[in-house]
Amino acid sequence: MIGSNNIKKILGNNIRNLRKAKNLSQEKLAEIIGLERDSLSSIETGRAFTSSEVIANISNYFNVEPSLLFKSDFIEHTDKEVNLKKEITVYYMIAVTNC
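What you see is a predicted model; the values in this text were computed from it and never measured.

Right, let's get into the overall build of the protein. When helices and strands are tallied, the protein shows five helices and zero strands. Tracing the protein from N to C terminus, the helices and strands come up as α-α-α-α-α. Looking at the protein residue by residue over its 99 residues, the buried ones come to 31%. A fraction of 61% describes how many contacts in the protein between residues 6 or more apart in sequence connect residues 24 or more apart.

Attention now goes to the packing of helix α1 (residues 4–21) against helix α3 (residues 37–44). Think of two packed helices as two axes; the pair is described by the angle between the axes and how far apart they sit. Where α1 contacts α3, the two axes come as close as 7 Å, and the packing angle between them is 120°. If you check the angle between α1 and α3, you find them oblique. Taking contact as the criterion, the partners of K8, L11, G12, N13, I15, R16 and R19 in α1 are, on α3, L40, I43 and E44. The class makeup of the residues in the contact of α1 with α3 is four nonpolar, two polar and four charged.

Moving on, we get to the nonpolar core. Formed by 15 residues in total, the largest nonpolar core has its most connected members in I15, L29, I33, L40, I58, F62 and L69. Contributions of two or more residues to this core are made by α1, α2 (26–33), α3 and α4 (52–62). In terms of residue count, the dominant contributor to this core is α4 (four residues).

The rules we used
Residues numbered from 1 in each chain as written. Predicted model: local features only at pLDDT ≥ 70, side-chain atom pairs only at ≥ 80, totals over all residues. Heavy atoms only, no water. Helix = DSSP H or I, 4+ residues; strand = E, 2+ residues; numbered from the N terminus. Buried < 20%, exposed > 50% of the residue type's maximum accessible area, 1.4 Å probe, protein only. Contact = heavy atoms within 4.5 Å. Axes fitted to C-alpha atoms, helices over the stretch in contact; angles between N-to-C directions. Parallel < 35°, antiparallel > 145°, perpendicular 65-115°, else oblique. Nonpolar A, V, L, I, M, F, W, Y, C, P; charged D, E, K, R; others polar. Core = buried A, V, L, I, M, F, W, Y, C linked by side-chain atoms within 4.5 Å.

Everything listed here is a matter of geometry and, on its own, says nothing about what the molecule does.
This is the structure we're talking about:
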């Protein structure tokens, strides 16, 4: 059975991962979604939960279904996507340089 602390950690990790994938600072994302930076930090570290309004703002900004923010394997999927994008970028840069 999953506890509330695990839910907060999963949500926080997913938000942090999405934020980093877009190269956003906590300050910038907090501004975009209408939070203080300290509040976002508390959410990302699993020390605090947030309102449905903030979850909706995060989901809309990152264009993901709110339910995905609560999936423990969403982090792995996003990490793979970020790494794939990095690999494609590096490959493209090498290909362009060698032309």
